[in-house]
Amino acid sequence: MTLHRDSCKNPFAASDVARHAIWEMLVPRDIDAFLSADWSMVAGDFIEEGFLGVSGNREPNPDRWTLAFPTLAAYRDEWLRQARDFAGKTYGEDPRTAIFRTTRLEEIEIAGEAALVRKKFDGGIRTTDGGLDVMKWQTLYYCRLHEGRWKISGFTGYLPYPMG
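Everything numeric here is computed off the predicted structure, so don't read it as measured data. (Residues numbered from 1 in each chain as written. Predicted model: local features only at pLDDT ≥ 70, side-chain atom pairs only at ≥ 80, totals over all residues. Heavy atoms only, no water.)

Asker: What is the right way to read the sheet that holds strand 5 (residues 132-146) from this model?
Answerer: Taken in spatial order, the six strands line up as 2-1-6-5-4-3 in an open sheet, and their pairing is mixed. The open sheet terminates on both sides in strands that have one partner only, identified here as strand 2 (66-69) and strand 3 (103-111). Neighbour-to-neighbour, the strand axes of the sheet open up by a mean angle of 25 degrees, direction not taken into account. Of the strands in this sheet, strand 3, strand 4 (114-126), strand 5 and strand 6 (149-160) touch helix 1 (residues 17-36), which is tilted by about 145 degrees from strand 3. The sheet strands contacting helix 3 (residues 95-102) are strand 3, strand 4 and strand 5, and the helix crosses strand 4 at an angle near 125 degrees. (Pairing = 2+ DSSP bridges. Helix = DSSP H or I, 4+ residues; strand = E, 2+ residues; numbered from the N terminus. Axes fitted to C-alpha atoms, helices over the stretch in contact; angles between N-to-C directions. Contact = heavy atoms within 4.5 Å.)

Following this line, the structure appears as C-alpha coordinates:
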(Lines give C-alpha, C1' and ligand atoms only; values in the text may rest on other atoms or scores of the structure.)
Protein backbone atom coordinates (compact mmCIF):
# COMPACT_ATOMS: atom_id res chain seq x y z
CA MET A 1 0.00 0.00 0.00
CA THR A 2 1.42 3.37 -1.01
CA LEU A 3 0.72 6.27 1.28
CA HIS A 4 0.06 9.67 -0.25
CA ARG A 5 2.29 12.42 1.02
CA ASP A 6 2.47 16.12 0.30
CA SER A 7 5.94 16.37 -1.23
CA CYS A 8 6.11 20.11 -0.50
CA LYS A 9 5.31 19.70 3.21
CA ASN A 10 8.02 19.09 5.78
CA PRO A 11 7.35 15.58 7.19
CA PHE A 12 9.02 16.52 10.49
CA ALA A 13 7.03 18.38 13.11
CA ALA A 14 8.31 21.81 14.11
CA SER A 15 8.84 20.37 17.59
CA ASP A 16 11.47 18.02 16.06
CA VAL A 17 13.69 21.07 15.69
CA ALA A 18 16.81 19.43 14.21
CA ARG A 19 15.09 17.26 11.61
CA HIS A 20 12.67 20.03 10.68
CA ALA A 21 15.56 22.48 10.09
CA ILE A 22 17.63 19.95 8.12
CA TRP A 23 14.66 19.16 5.85
CA GLU A 24 14.05 22.87 5.22
CA MET A 25 17.72 23.33 4.31
CA LEU A 26 18.02 20.30 2.03
CA VAL A 27 14.66 20.35 0.29
CA PRO A 28 12.89 23.70 -0.31
CA ARG A 29 15.90 25.98 0.11
CA ASP A 30 18.11 23.73 -2.02
CA ILE A 31 15.45 23.36 -4.74
CA ASP A 32 14.67 27.08 -4.88
CA ALA A 33 18.35 28.03 -4.99
CA PHE A 34 19.05 25.48 -7.72
CA LEU A 35 16.13 26.66 -9.84
CA SER A 36 17.32 30.26 -9.43
CA ALA A 37 20.97 29.24 -10.03
CA ASP A 38 21.69 31.37 -6.96
CA TRP A 39 24.42 29.92 -4.75
CA SER A 40 24.05 32.79 -2.28
CA MET A 41 20.73 31.27 -1.17
CA VAL A 42 22.54 28.16 0.16
CA ALA A 43 26.12 29.34 0.75
CA GLY A 44 25.46 29.69 4.48
CA ASP A 45 24.26 26.07 4.67
CA PHE A 46 27.79 24.69 4.35
CA ILE A 47 30.81 24.38 6.63
CA GLU A 48 33.67 25.34 4.35
CA GLU A 49 36.53 24.15 6.54
CA GLY A 50 37.08 20.45 5.95
CA PHE A 51 34.24 20.15 3.43
CA LEU A 52 34.47 17.00 1.31
CA GLY A 53 32.20 15.72 -1.45
CA VAL A 54 32.42 12.25 -2.96
CA SER A 55 30.69 11.43 -6.24
CA GLY A 56 29.35 7.92 -6.58
CA ASN A 57 29.14 8.54 -10.33
CA ARG A 58 25.83 6.63 -10.22
CA GLU A 59 27.88 3.46 -9.72
CA PRO A 60 27.03 0.90 -7.01
CA ASN A 61 30.69 -0.14 -6.76
CA PRO A 62 32.61 2.12 -4.32
CA ASP A 63 35.79 1.41 -6.31
CA ARG A 64 34.34 3.70 -8.99
CA TRP A 65 33.51 6.59 -6.66
CA THR A 66 35.68 9.68 -6.88
CA LEU A 67 36.79 12.54 -4.69
CA ALA A 68 35.07 14.99 -7.03
CA PHE A 69 34.74 17.86 -4.57
CA PRO A 70 37.82 18.19 -2.32
CA THR A 71 36.71 21.73 -1.43
CA LEU A 72 33.45 23.59 -1.11
CA ALA A 73 34.55 25.87 -3.98
CA ALA A 74 34.87 22.84 -6.29
CA TYR A 75 31.35 21.73 -5.37
CA ARG A 76 29.95 25.26 -5.71
CA ASP A 77 31.37 25.57 -9.23
CA GLU A 78 29.82 22.25 -10.34
CA TRP A 79 26.51 23.06 -8.62
CA LEU A 80 26.35 26.38 -10.48
CA ARG A 81 27.25 24.72 -13.78
CA GLN A 82 24.44 22.18 -13.33
CA ALA A 83 21.95 24.84 -12.20
CA ARG A 84 22.70 27.07 -15.21
CA ASP A 85 22.46 24.11 -17.56
CA PHE A 86 19.10 23.16 -16.05
CA ALA A 87 17.85 26.76 -16.30
CA GLY A 88 18.58 26.73 -20.04
CA LYS A 89 16.15 23.88 -20.69
CA THR A 90 12.37 23.91 -21.06
CA TYR A 91 10.08 21.32 -19.58
CA GLY A 92 6.55 20.08 -20.15
CA GLU A 93 5.62 20.73 -16.52
CA ASP A 94 6.60 23.04 -13.67
CA PRO A 95 10.15 21.99 -12.70
CA ARG A 96 9.75 23.01 -9.06
CA THR A 97 6.67 20.85 -8.61
CA ALA A 98 8.37 17.94 -10.37
CA ILE A 99 11.55 18.16 -8.30
CA PHE A 100 9.54 18.27 -5.06
CA ARG A 101 7.53 15.27 -6.28
CA THR A 102 10.67 13.21 -6.95
CA THR A 103 12.48 14.19 -3.72
CA ARG A 104 12.34 11.98 -0.64
CA LEU A 105 14.04 13.08 2.56
CA GLU A 106 12.45 11.13 5.37
CA GLU A 107 15.43 9.53 7.12
CA ILE A 108 17.67 11.63 9.35
CA GLU A 109 19.86 9.94 11.94
CA ILE A 110 21.09 12.30 14.65
CA ALA A 111 23.86 11.57 17.17
CA GLY A 112 24.64 14.58 19.34
CA GLU A 113 25.72 17.41 17.04
CA ALA A 114 26.09 15.24 13.92
CA ALA A 115 23.51 13.98 11.46
CA LEU A 116 23.42 11.50 8.59
CA VAL A 117 20.75 12.50 6.09
CA ARG A 118 19.42 10.33 3.28
CA LYS A 119 18.02 12.26 0.31
CA LYS A 120 16.61 10.28 -2.60
CA PHE A 121 15.34 11.24 -6.02
CA ASP A 122 12.88 8.83 -7.57
CA GLY A 123 11.04 10.08 -10.63
CA GLY A 124 11.62 12.72 -13.23
CA ILE A 125 10.47 15.84 -15.03
CA ARG A 126 8.30 15.67 -18.13
CA THR A 127 9.97 17.17 -21.16
CA THR A 128 8.27 19.30 -23.81
CA ASP A 129 8.42 16.37 -26.29
CA GLY A 130 6.48 14.11 -23.88
CA GLY A 131 9.54 12.26 -22.61
CA LEU A 132 10.91 12.10 -19.10
CA ASP A 133 14.14 13.61 -17.78
CA VAL A 134 14.81 10.85 -15.24
CA MET A 135 15.93 11.76 -11.72
CA LYS A 136 17.03 8.56 -9.96
CA TRP A 137 19.90 8.95 -7.52
CA GLN A 138 20.57 9.47 -3.84
CA THR A 139 22.87 11.42 -1.58
CA LEU A 140 24.11 10.86 1.95
CA TYR A 141 24.68 14.24 3.58
CA TYR A 142 26.88 14.68 6.64
CA CYS A 143 25.58 17.56 8.72
CA ARG A 144 26.78 19.20 11.91
CA LEU A 145 25.34 21.66 14.36
CA HIS A 146 27.67 24.56 13.62
CA GLU A 147 27.46 28.07 15.04
CA GLY A 148 23.95 27.41 16.29
CA ARG A 149 22.41 25.84 13.18
CA TRP A 150 22.55 22.66 11.14
CA LYS A 151 24.93 22.82 8.18
CA ILE A 152 26.39 20.45 5.59
CA SER A 153 29.97 19.36 6.24
CA GLY A 154 30.16 16.95 3.31
CA PHE A 155 28.34 14.32 1.30
CA THR A 156 28.55 11.16 -0.73
CA GLY A 157 26.29 11.80 -3.66
CA TYR A 158 25.31 10.85 -7.17
CA LEU A 159 24.73 7.33 -5.88
CA PRO A 160 22.39 5.02 -7.78
CA TYR A 161 18.86 4.70 -6.45
CA PRO A 162 18.10 2.10 -5.56
CA MET A 163 21.56 0.73 -4.82
CA GLY A 164 22.62 -2.62 -6.23
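Asker: Got a minute to help me understand the pairing of strand 6 in this structure?
Answerer: Successive residues of a regular strand alternate their side chains across the two faces of the sheet. For strand 6, a buried count of eleven out of twelve residues is recorded, marking the element as mostly surrounded by other parts of the structure. With four bridges joining them, strand 1 (residues 52-55) and strand 6 adopt parallel strand pairing. Within the sheet, the bridge partner assigned to valine 54 lies in strand 6 and is threonine 156. Taken together, the nine bridges between strand 5 and strand 6 define a ladder with antiparallel strand orientation. Note on strand 6: the bridge partner recorded for histidine 146 is arginine 149. (Buried < 20%, exposed > 50% of the residue type's maximum accessible area, 1.4 Å probe, protein only.)

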